[in-house]
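Structural overview for review
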Amino acid sequence: MDEIVKIELFGEEFKFKPDKNQTYDPEKIAAHVKEYIDEAESLFQNKTSSKNRMAILLLAAMNLSKDYHELRLKYSDLEKDIEDRVSSLLEKIDKTMK
């Protein structure tokens, strides 16, 4: 049976069908996106305007993108640190073997 994921935004229900070969939980992804939207929506007083909806979605997307890029930078830094440590250990092993 194909799974349909539902997410409610601005009082409307949206449905999407995740990939069959996914390695993530689509319910968690939808909930995560909803958290960003709810956080952005809390900054607006008039939540019913379609203009505000677009601004809320844009703000949520920008915040999500910012967090994603921060994580990518941290991952890149971690990857570099691991590479440096592995190189150092390999050098020490090589010196010991000689």
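Above this text sits the structure in question.
This structure is a prediction, so every number in the text was calculated from the model and none was measured.

**A word on the packing of helix 1 (residues 26-41) against helix 2 (residues 50-97)**
Packing of helix 1 against helix 2 leaves a shortest axis separation of 8 Å and a crossing angle of 120°. Relative to helix 2, the element helix 1 lies oblique. Remark: the crossing between helix 1 and helix 2 carries right-handed chirality. Here His32, Val33, Tyr36, Ile37, Ala40 and Glu41 of helix 1 come into contact with helix 2, specifically with Ile56, Leu57, Leu59, Ala60, Asn63, Leu64 and Asp67.

**Quick notes on the pattern of salt bridges**
In total, this model carries six salt bridges according to the counting rule given. A salt bridge links Lys66 to Asp67; the shortest N-O distance between them is 3.0 Å. Among the ionic pairs, Asp81 bridges to Arg85, the shortest N-O distance being 3.2 Å. Residue Asp81 and its partner Arg85 are both found in helix 2; the two are separated by four residues, about one turn of the helix. A relative accessible area of 57% means that Arg85 is categorised as exposed. Among the charged side chains, a network of salt bridges with common partners joins Lys66, Asp67 and Glu70.

**Digging into helix 1**
Because an α-helix packs 3.6 residues into every turn, residues spaced three or four apart end up facing the same way. With 16 residues, helix 1 should cover 22 Å at 1.5 Å per step; its first-to-last C-alpha distance of 22 Å lies within 8% of that length. At its buried positions, helix 1 is contacted by strand 1 (5-9), strand 2 (12-16) and helix 2. For helix 1, the N-terminal capping position is held by Asp25, with its side-chain oxygen 3.0 Å away from the main-chain nitrogen of Glu27.

**Here we look at the nonpolar core**
As a rule of thumb, soluble globular proteins bury nonpolar side chains together. Counting residues in hydrophobic clusters, the biggest one holds 10 residues: Val5, Ile7, Leu9, Phe10, Ala30, Tyr36, Ile37, Ala40, Ile56 and Ala60. Sorting the residues of this core by element identifies strand 1, helix 1 and helix 2 as the ones contributing at least two each. Top element by residues in this core is helix 1. It accounts for four residues. The contact partners of Ile56, leaving out residues within four places of it in the chain, are Phe10, Ile37, Ala40, Glu41 and Phe44.

**Remarks on the pairing of strand 2**
Pairing geometry for strand 1 and strand 2, over five bridges, is antiparallel. Considered in strand 2, the bridge of Leu9 is made with Glu12.

Cut-off values and rules
- Residues numbered from 1 in each chain as written.
- Predicted model: local features only at pLDDT ≥ 70, side-chain atom pairs only at ≥ 80, totals over all residues.
- Heavy atoms only, no water.
- Axes fitted to C-alpha atoms, helices over the stretch in contact; angles between N-to-C directions.
- Helix = DSSP H or I, 4+ residues; strand = E, 2+ residues; numbered from the N terminus.
- Parallel < 35°, antiparallel > 145°, perpendicular 65-115°, else oblique.
- Left-handed = near helix turned anticlockwise from the far one by under 90°.
- Contact = heavy atoms within 4.5 Å.
- Salt bridge = Lys/Arg side-chain N within 4 Å of Asp/Glu carboxyl O.
- Buried < 20%, exposed > 50% of the residue type's maximum accessible area, 1.4 Å probe, protein only.
- Expected span 1.5 Å × (residues − 1).
- Polar contact = N/O pair within 3.5 Å; in protein donor to acceptor, adjacent residues only side chain to side chain.
- Core = buried A, V, L, I, M, F, W, Y, C linked by side-chain atoms within 4.5 Å.
- Pairing = 2+ DSSP bridges.

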